Amino acid sequence: MRHFAVVGSGPAGFYTAEALEKAYGDQARIDILDRYPVPYGLIRFGVAPDHQSLKAVSKRYDKVAESAGVDFIGNVTVGADISVADLLDLYDAVILATGAPHDRKLGIPGEDLPGVIGSAEFVGWYNGHPEFADLDPFLDGTHAVVVGAGNVALDCARILSKTRHEFEGSDIVGHALDALDHSAIRTITILGRRGPHQVAMTPKELGELGHLEDAVPVVEPADFPPIEADEPLEPGLRKSVTLLRGFADLPQDKAKHMVFDFFAKPLRAEGDGKVERIIVERTELDEKGSARGTGDTYEVPASLVITAIGYSTSPIPDVPFEGGKFVNENGRIADRLYAVGWARRGPTGTIGTNRPDGYDVAEQIAASLPAQGSGDREGASGLKRLLESRGVMPTDYDDWRKIEETEVGNARPGSPREKFVRHQDWLQVLGR
Ligand code: NAP
């Protein structure tokens, strides 16, 4: 019997567990660890609450969690409650699937002013992440700026522009829904440091912007190259650019405007005690296609700034770490230690990208560790004994089900599901 520990219960962790189970059948026990008693990582805390069809992938993970060879062990922080070295003693292999939960910094003056927040914080706030329950983003001003031209920037801008009615059927948390309902923001400027041909926004997500109840996207036609230049673009990007071009034809008759400001690089954030404006430099593309400042600067009013420029992984003591992810070669960090998902590749790709990633690492493990193990490793029983000796009380999948049922049961008719937003709320449901 082999014992495997997958650290992190987001998409990468679940696909890896699924692949290991397929590879080893009943010859392996797979424990999926998470620092929270609630599983699914990015699906619960990252995917936008109004994108329920994307969140539905958790049904597939449910099946994995409920299968005989897999256990969910929540409420355990690897690196604090237990070390990677401890896990390597107890398990035949350890797979880090810890995602990339931290915001990359812009590195500009004024970034630390109140009112400048990262997308991980903002997304965490509206998705009920316990670390950001008290974020209280400043929504009393009329202007917001979102920095970045990727899908996370679009998520943030869209959430800022939707009406209460448009959140029906979502699982946005109550505190965010109420705050957004009273928001004074009327202009949301999306700053892209390069042009429409360089966006990282995908067509489905851009397409939604043309159908918002109270907000309309705004583009400047002069930012676009001649239409013939779209022809050689890869089909997905071409579709995105076509959608962006089409925004110029929309009637500008709604209360909120989502302004795409391309070739715009933030230089600094300014304000008296809190952010009031962003100073931006006009850019052009250099020979390599990177953004090069032209020296022309202007200011964009901003009472709230959200940076959505990518994420990094949390380091774990004694695991080599560089450039915001674990140092690895095709997923292998060291003997019997692997990384998958964003912790392996960095924060790019869709949820589905993690599937081949997890399967690839599971194949490598299966190739190096035959099903007939030496029987030396204790797996979960040793882990639980060690945790108990340290006063840590792990939770299991039935505990998660109890939390989930209580959350669903909390929903008022016609309102979104009310997720718990604090660690102690979860533990209280479990009588801890
Ligand atoms: P992303 O797609 O890598 O986009 C990051 C954006 O930030 C890029 O436009 C980048 O511009 C810009 N940027 C980076 N550094 C910057 C700086 N210093 N100053 C100004 N701009 C800067 O990352 P993401 O939006 O965080 O998304 C992460 C992944 O999740 C992506 O694969 C995304 O597609 C996926 N995702 C998918 C969905 C969905 O399917 N609905 C939703 C959310 C996220 P440059 O190109 O110039 O570097």
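Note that the structure is a prediction, hence the values are computed from the model and not measured.

1. Details of the site of the ligand
Point 1. The local shell around the ligand holds 20 residues, among which Ala149, Arg193, Arg194, Glu205 and Gly349 are the closest.
Point 2. Valine 152 is positioned with one of its backbone polar atoms (N or O) 3.1 Å from an oxygen atom of the ligand.
Point 3. In this structure, an oxygen atom belonging to the ligand sits 2.7 Å away from a side-chain N or O atom of arginine 193.
Point 4. Considered on its own, the ligand offers 920 Å² of accessible surface; in the complex 80% of this is hidden by protein.
Point 5. In terms of residues, the shell around the ligand owes the most to one element, helix H7 (residues 151-161), which gives 3 residues.

2. Focus on helix H8 (residues 174-181)
Two residues of an α-helix separated by three or four positions point the same way, owing to the 3.6 residues in each turn.
Point 1. Those residues of H8 lying buried are Gly174, Ala176, Leu177 and Leu180. Taken end-on, H8 shows its buried residues confined to a sector of 165°, consistent with a single buried face.
Point 2. Residues of H8 that are buried make contact with helix H6 (119-126) and H7.

3. Observations regarding the sheet that holds strand S2 (residues 28-33)
Sheet strands pair by backbone hydrogen bonding; their relative direction is either parallel or antiparallel.
Point 1. Strand order in the open sheet formed by 6 strands is S3-S2-S1-S4-S19-S18, with mixed pairing between adjacent strands. Among the strands making up the open sheet, the edge pair consists of strand S3 (70-73) and strand S18 (332-334). Looking at each pair of strands side by side, their axes are set apart by 25° on average, direction ignored.
Point 2. Where S2 and S3 come together, 4 bridges link them in parallel fashion. Considered in S3, the bridge of isoleucine 32 is made with phenylalanine 72.

4. Side note on the side chain of aspartate 86
Point 1. With respect to the helices, strands and loops of the structure, aspartate 86 is situated in helix H5 (residues 84-90).
Point 2. Ignoring sequence-local partners within four residues, the contact set of aspartate 86 consists of Leu386 and Arg390.

5. Focus on H6
Point 1. Summarising burial for H6: 7 of the 8 residues are buried, a large majority.
Point 2. Turning to H6, its buried residues number three or more, namely Ser119, Ala120, Phe122, Val123, Gly124, Trp125 and Tyr126.
Point 3. Glycine 128 lies just past H6 and shows a positive phi near 80°.

6. Observations concerning the side chain of arginine 245
Point 1. Mapped onto the elements of the fold, arginine 245 is located in helix H10 (residues 235-246).
Point 2. There is a polar contact of 2.7 Å between the side chain of arginine 245 and the side chain of aspartate 230.
Point 3. Not counting the four nearest positions on each side in its chain, arginine 245 is found in contact with His197, Phe224, Pro225, Pro226, Ile227 and Asp230.

7. Some words on the pattern of salt bridges
Point 1. Throughout the structure, instances matching the rule amount to 35 salt bridges.
Point 2. Residue arginine 344 is joined to aspartate 357 by a salt bridge in which the shortest nitrogen-to-oxygen separation is 2.9 Å. One end of the pair, arginine 344, is in helix H11 (residues 342-345); the other, aspartate 357, is in helix H12 (residues 354-368), with 13 residues separating them in the sequence. Both residues of the pair, arginine 344 and aspartate 357, belong to the buried class.
Point 3. When the shortest N-O distance is used, the salt bridge between arginine 432 and aspartate 399 registers 3.6 Å. In this pair, arginine 432 sits in the segment after helix H15 (423-429) while aspartate 399 sits in helix H14 (residues 397-410), placing the two residues 33 residues apart along the sequence.
Point 4. Judged by its relative accessible area of 41%, arginine 432 falls in the partly exposed class.
Point 5. What emerges from the salt-bridge pattern is a single network uniting Asp50, Asp155, Arg158, Lys162 and Glu208.

8. Regarding the packing of H6 against H7
Pairs of packed helices are described in terms of their axes, by the angle between the two and the distance that separates them.
Point 1. Contact pair H6 / H7: the axes reach a minimum separation of 11 Å and the direction vectors enclose 45°. Judged by the angle between their axes, H6 and H7 are oblique. Crossing handedness for the pair H6 and H7: left-handed. Here Ser119, Phe122, Val123 and Tyr126 of H6 lie close against H7, whose contacting residues are Val152, Asp155, Cys156, Ile159 and Leu160.

9. Digging into the packing of aromatic side chains
Point 1. Per the counting criterion, the structure on display carries 16 aromatic pairs.
Point 2. Their ring planes at 90° and their centres at 5.8 Å tell us that tyrosine 40 and tryptophan 400 sit as a pair that is edge-to-face. Note that tyrosine 40 is positioned in the loop between S2 and helix H2 (42-45) and tryptophan 400 in helix H14, a separation of 360 residues in sequence.
Point 3. Given a relative accessible area of 5%, tyrosine 40 falls into the buried group.
Point 4. Given a relative accessible area of 2%, tryptophan 400 falls into the buried group.
Point 5. Centroid distance phenylalanine 122 to tryptophan 125: 5.7 Å. Interplanar angle 25°. Geometry classified as stacked. Taken together, the positions of phenylalanine 122 and tryptophan 125, both in helix H6 and 3 residues apart, correspond to about one turn of that helix.
Point 6. Judged by its relative accessible area of 0%, phenylalanine 122 is buried.
Point 7. The class for tryptophan 125 is buried, based on a relative accessible area of 3%.
Point 8. Among the aromatic residues, those joined into a cluster by ring pairs are Phe14, Tyr15, Tyr40, Tyr61 and Trp400.
Point 9. Over the ring of tyrosine 359 we find arginine 355; its NZ or CZ atom is 4.6 Å from the centre of that ring.

10. Overview of the pairing of S2
Point 1. Counting buried positions over the 6 residues of S2 gives 5, a clear majority of the element.
Point 2. By the bridge criterion, 6 bridges tie strand S1 (residues 2-7) to S2 in an arrangement that is parallel. Bridge pairing in S2 places valine 6 opposite isoleucine 32.
Point 3. On the question of chirality, the crossover connecting S1 to the parallel S2 by way of helix H1 (residues 11-24) is right-handed.

11. Notes on unusual backbone geometry
Point 1. In this structure, aspartate 136 takes a positive phi of about 50° despite not being glycine.
Point 2. Relative to the helices and strands, aspartate 136 resides in the loop between H6 and strand S7 (143-147).
Point 3. Within the chain, asparagine 330 stands out as a residue other than glycine whose phi angle is a positive 50°.
Point 4. Inspection of the secondary structure assignment puts asparagine 330 in the loop between strand S17 (325-326) and S18.
Point 5. Note on asparagine 330: relative accessible area 55%, which makes it exposed.

Analysis parameters
- Residues numbered from 1 in each chain as written.
- Predicted model: local features only at pLDDT ≥ 70, side-chain atom pairs only at ≥ 80, totals over all residues.
- Heavy atoms only, no water.
- Near = heavy atom within 4 Å.
- Polar contact = N/O pair within 3.5 Å; in protein donor to acceptor, adjacent residues only side chain to side chain.
- Areas by Shrake-Rupley, 256 points an atom, 1.4 Å probe, with all protein chains shown as cover.
- Helix = DSSP H or I, 4+ residues; strand = E, 2+ residues; numbered from the N terminus.
- Buried < 20%, exposed > 50% of the residue type's maximum accessible area, 1.4 Å probe, protein only.
- Arc of directions from axis to C-beta.
- Contact = heavy atoms within 4.5 Å.
- Pairing = 2+ DSSP bridges.
- Axes fitted to C-alpha atoms, helices over the stretch in contact; angles between N-to-C directions.
- Salt bridge = Lys/Arg side-chain N within 4 Å of Asp/Glu carboxyl O.
- Parallel < 35°, antiparallel > 145°, perpendicular 65-115°, else oblique.
- Left-handed = near helix turned anticlockwise from the far one by under 90°.
- Phe/Tyr/Trp six-rings, centres within 6.5 Å; stacked < 30°, edge-to-face > 60°.
- Lys NZ or Arg CZ within 6 Å of the ring centre and 35° of its normal.
- Right-handed = clockwise from strand over helix to strand, strands pointing away.

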